[in-house]
Amino acid sequence: MKTRKKILKSAFIAIMTVSVLAGCTQNGLEEEKTEKSRTVEDDTSTKVSGTVSTDGSTSMEKVIGTLGEAFEQKNKGVTFTYNPTGSGSGIKAVQKGRCDIGLSSRSLKEEEKESGLTETVLAYDGIAIIVNPKNKVSDLSVEDIAAIYTGEITNWKEVGGKDAQIVLIGREAGSGTRDGFESITGTEEKCKYRQELTSTGDVVTTVSSNSDAIGYVSLAAVKENVKAISVDGIAPNEKAVKDGSYVIQRPFVLVTKTDVELSDEAQTFFDFVTSDEVVDLISSAGVVAAK
């Protein structure tokens, strides 16, 4: 009888032990689920949503488009927009509060900085001097280029080409590409343009359709339908821009208001595009990352 009671007692203790262990396990699982849920909620709370608007340089279209697409993939709740209006317009858009971040393919002028704007260099871009593929001229000095655009040299035969009048294609006033080109070549307010076009794409199209034309565009915008010539024997490419041997180059700049904080989503975008994470993406767009 005593043996039977001992057996029952032992069985009871075993059952209670299993129950307690099961309860502990269940409580542990519930706590783990709660902790995981809390972590997910915390992660969700740090994500941004809304719209990031940029406005400005048409030369920056490829690099800013590449970065914008990558940013949207990383931040599903944010929409990125880019308005290709030209550097001057992009700078004014920031000043007027019409966009979060302006895009300029030139450095800010002192008066623009004094008006309350800050520049952050995103990348460096070569300005390619382009001619029609049928043009046999393949190299010009900076002095030759300046003489061509100021009207001192008017015929291609003077620089080793055919006997034909040179057709000068440039960008409109306020263009960062024009500002960079004229500053480097020393031709400010001296160029004798046949046409002043409002976008990089228009310059490429015009030169590709006129065998006597010459123009200048962002290196990243050069297509197979035009020929980028060497300058002082240096071909325009990423390596030459990076080491400084290709002299016709300029910065790609992010423009923000000095004393005004960006929105959470705009700040997240700004931090992303200026991080080490995107260096390869910037290079893939044909420009040299400032980092």
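As a reminder, the structure under discussion sits directly above these lines.
Our subject in this report is the structure included herewith. (Residues numbered from 1 in each chain as written. Predicted model: local features only at pLDDT ≥ 70, side-chain atom pairs only at ≥ 80, totals over all residues. Heavy atoms only, no water.)

1. Observations regarding the pattern of salt bridges
Now for step 1: Enumeration over the complete set of coordinates arrives at 10 salt bridges.
Now for step 2: In this structure, the salt-bridge partner of Lys239 is Asp243, at a minimum N-O distance of 3.6 Å. Pair noted here: Lys239 and Asp243 are both in helix α8 (residues 238–243), with a separation of 4 residues, about one helical turn.
Now for step 3: By relative accessible area, Lys239 is classed as exposed at 62%.
Now for step 4: Where Lys291 meets Asp276, a salt bridge forms, and the shortest distance between an N and an O atom there is 3.9 Å. (Salt bridge = Lys/Arg side-chain N within 4 Å of Asp/Glu carboxyl O. Helix = DSSP H or I, 4+ residues; strand = E, 2+ residues; numbered from the N terminus. Buried < 20%, exposed > 50% of the residue type's maximum accessible area, 1.4 Å probe, protein only.)

2. What to know about the environment of Val167
Now for step 1: Relative to the elements of secondary structure, Val167 occurs in strand β6 (residues 167–171).
Now for step 2: Placed 36 residues apart in sequence, Val167 and Val131 show a C-alpha to C-alpha distance of 10.0 Å.
Now for step 3: Other than its neighbours up to four places away in sequence, Val167 contacts Arg194, Asn210, Asp212, Ala213 and Ile214. (Contact = heavy atoms within 4.5 Å.)

3. Quick look at the packing of helix α2 (residues 61–74) against helix α9 (residues 264–273)
Now for step 1: The interhelical angle for the contact between α2 and α9, taken along N-to-C directions, is 120 degrees, at an axis separation of 10 Å. On the basis of the axis angle, α2 is oblique to α9. The two elements α2 and α9 cross, and the hand of that crossing is right-handed. Residues Ile64, Leu67, Gly68, Ala70, Phe71 and Lys74 of α2 lie in contact with α9, whose contacting residues are Glu265, Thr268, Phe269, Phe272 and Val273.
Now for step 2: When grouped by side-chain class, the residues that make up the contact of α2 with α9 number 7 nonpolar, 2 polar and 2 charged. (Axes fitted to C-alpha atoms, helices over the stretch in contact; angles between N-to-C directions. Parallel < 35°, antiparallel > 145°, perpendicular 65-115°, else oblique. Left-handed = near helix turned anticlockwise from the far one by under 90°. Nonpolar A, V, L, I, M, F, W, Y, C, P; charged D, E, K, R; others polar.)

4. Focus: the layout of surface pockets
Now for step 1: There is about 310 Å³ of room inside the largest pocket.
Now for step 2: Around the largest pocket, the lining is made up of 16 residues, and of these Arg106, Lys109, Ala173, Gly174 and Asp179 lie nearest the centre.
Now for step 3: If you list the elements that add at least two residues to the lining of the largest pocket, you get α3 (87–95) and α6 (176–185).
Now for step 4: For the lining of the largest pocket, the class distribution of residues is 2 nonpolar, 5 polar and 9 charged.
Now for step 5: In this model, the second largest pocket occupies a volume close to 220 Å³.
Now for step 6: In this structure, the second largest pocket is lined by Thr58, Ser59, Glu61, Lys62, Pro84, Ser199, Thr200, Gly201, Ser218, Ala220, Ala221 and Lys223.
Now for step 7: Elements with a contribution of two residues or more to the lining of the second largest pocket: α2 and α7 (200–208).
Now for step 8: Per-class residue counts for the lining of the second largest pocket are 3 nonpolar, 6 polar and 3 charged. (1 Å grid on protein atoms, 1.4 Å probe; cavity = no way out; pocket = protein on both sides within 12 Å on 5 of 7 lines; lining within 4 Å. Points joined across faces, edges and corners; volume = space filled by probe spheres on them.)

5. Side note on the pairing of strand β11 (residues 249–257)
Now for step 1: With 7 of 9 residues buried, β11 is to be regarded as a mostly interior element.
Now for step 2: Sheet topology places strand β3 (residues 101–104) next to β11; 3 bridges connect them, and they run antiparallel. Looking across to β11, one finds that Leu103 is bridged to Leu254. (Pairing = 2+ DSSP bridges.)

6. Thoughts on α9
Now for step 1: Where α9 is concerned, the buried positions are Glu265, Ala266, Phe269, Phe270, Phe272 and Val273. Axial view of α9: buried residues confined to an arc of 165 degrees, hence all on one face. (Arc of directions from axis to C-beta.)

7. Re the nonpolar core
Now for step 1: Counting 41 residues, the largest nonpolar core has Ile129, Tyr149 and Ile214 as the members making the most contacts within it.
Now for step 2: Among residues more than four places away in sequence, those in contact with Ile129 are Ile145, Phe181, Ile214, Gly215, Tyr216, Lys227, Ala228, Ile229, Val231, Tyr246 and Ile248.
Now for step 3: Membership of the second largest hydrophobic core comes to 27 residues, among which are Leu67, Ile101, Leu122 and Leu254. (Core = buried A, V, L, I, M, F, W, Y, C linked by side-chain atoms within 4.5 Å.)

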